[in-house]
Amino acid sequence: MANLTSPDGIVLLAKKPGLTSFSSLHSVKKALNTTKVGHTGTLDSFAQGLLVVCTGRLTKLAGNITEFNKSYEAVIKFGEETDTLEYTGNVIRTSPLPSEETLKSSIEKFTGNILQAPPAFSAVHVNGKRASELAREGKSVELPPRPITVFDAELTDTRLNEKGLVEYCKINFTVSKGTYIRCLARDIAKEAGSSGHLVGLFRTRVGNFDIMDAAGAGELGEFSIDSAIRAASEALSENTNESSNITRATYPDDTKLKEEIKEKLRNIDRDTATLCGFGSITLKDEQSEKDYCNGKPLRSALFTTNLHELAPSACYAVFSKNEVFRGLIEKESGGLIRHRFVIN
């Protein structure tokens, strides 16, 4: 149930392609009359799909939700690699197209626990500057590989040329935090003896949050190989320089979207805490609530649950006896229990 008297909450937003994640928050700010908003994971400008947006005092939650696994649908074009690893970049490599059999074998090799080198055009910092800034300055950027997990990679569609080779494919991925789908496209294509880049990307889930529950989801339309190719072609035909709609687009003054945002704003109740991947714990009484909110040491006497019984390496949403969300606590792997944050 939305709480329209307060901007504190979580709202799911369907980002349109051609918008930065930052500009996509414009309608949330206007709908809730607040400037205090934060999304829980950037989507590239060319991409579309789910943004989990925290508002008001609950922006403190944003850093915790970024830990979630995410699901995507990706359309890959083979035969060409671009410097940005998506369609707005410059072609830096061309290669033969792969066969379906070779592609399927390659996809299998990029599931499970793997090491992935982040793209040069990324927000990863190198000596205090974003790698993307250095790349745009023409400087060589080599980023060390990082461990990621690809939980699932399912080939759902292909488009073949007259020789039966794969020109485009659509793959559904479920991946861990920090995974770059652009790099999976690059690496899968390379393993298949080809080159590749993304022409479309659609984020469908963040943890337990689903795009179907997002404000504006009905405006996105079908995502397929054909729709991704069409959208990329239209975007590039308008303008391919840095001032194009790929980077400067903003949401229109959409009254319908704003009303949907208000309706879908979630308070943090126990059900939403579960969606966030948190357990729940309850403070005993008003004095316990005051002690917790004042940052006093955590001990079992404050709660209705023995803290020693909590699962390790887990976060718990803290509620007052009147079911008011008060913050997060964490039990670390070694058993130490600490405050993540407090909402007064």
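Residues numbered from 1 in each chain as written. Predicted model: local features only at pLDDT ≥ 70, side-chain atom pairs only at ≥ 80, totals over all residues. Heavy atoms only, no water.

Novice: Whenever I open this one, the nonpolar core confuses me. Can you help?
Specialist: Counting residues in hydrophobic clusters, the biggest one holds 77 residues, and the most contacted among them are Ile10, Leu61, Phe173, Ile181 and Ile261. Examining the composition of this core, we find that 6 residues originate from one element, strand E11 (residues 166–175), more than from any other. Apart from the residues within four sequence positions on either side, Leu61 is in contact with Ile10, Cys54, Ile268, Phe278, Leu328 and Phe341. (Core = buried A, V, L, I, M, F, W, Y, C linked by side-chain atoms within 4.5 Å. Buried < 20%, exposed > 50% of the residue type's maximum accessible area, 1.4 Å probe, protein only. Helix = DSSP H or I, 4+ residues; strand = E, 2+ residues; numbered from the N terminus. Contact = heavy atoms within 4.5 Å.)

Novice: Teacher, can you tell me more about the packing of helix H4 (residues 100–109) against helix H6 (residues 181–191) here?
Specialist: Packed helices, taken two at a time, are described by the angle their axes make and the gap between the axes. Between H4 and H6, whose axes approach to 8 Å, the crossing angle comes to 130°. One finds that H4 runs oblique with respect to H6. Once H4 is placed against H6, the crossing between them reads as right-handed. Residues Leu103, Ser106, Ile107 and Lys109 of H4 form the contact with H6, whose participating residues are Asp187, Ile188 and Glu191. (Axes fitted to C-alpha atoms, helices over the stretch in contact; angles between N-to-C directions. Parallel < 35°, antiparallel > 145°, perpendicular 65-115°, else oblique. Left-handed = near helix turned anticlockwise from the far one by under 90°.)

Novice: Help me understand the confidence of the model for the chain in this model?
Specialist: Reading predicted coordinates in detail is not appropriate for stretches of low pLDDT. On average, residues of the chain score 87 in pLDDT, and 87% of them reach the 70 mark or higher. Across residues 1–5, confidence stays below pLDDT 50; counting only partners more than four residues off in sequence or on other chains, it has 8 contacts. In the predicted structure, residues 240–250 sits below a pLDDT of 50 and forms 18 contacts with residues beyond four places in sequence or in another chain. (pLDDT = per-residue confidence, 0-100.)

Novice: It is not clear to me how the pattern of salt bridges should be interpreted in this structure. Could you clarify?
Specialist: Tallied over the entire structure, the rule returns 17 salt bridges. Between Asp44 and Arg182 there is a salt bridge, and its shortest N-O distance comes to 3.1 Å. Placement of the pair is Asp44 in the loop between strand E2 (37–39) and strand E3 (48–55) and Arg182 in helix H6, with a sequence separation of 138 residues. Owing to a relative accessible area of 26%, Asp44 belongs among the partly exposed residues under this scheme. Residue Arg186 pairs with Asp187 through a salt bridge whose shortest N-O separation is 2.7 Å. (Salt bridge = Lys/Arg side-chain N within 4 Å of Asp/Glu carboxyl O.)

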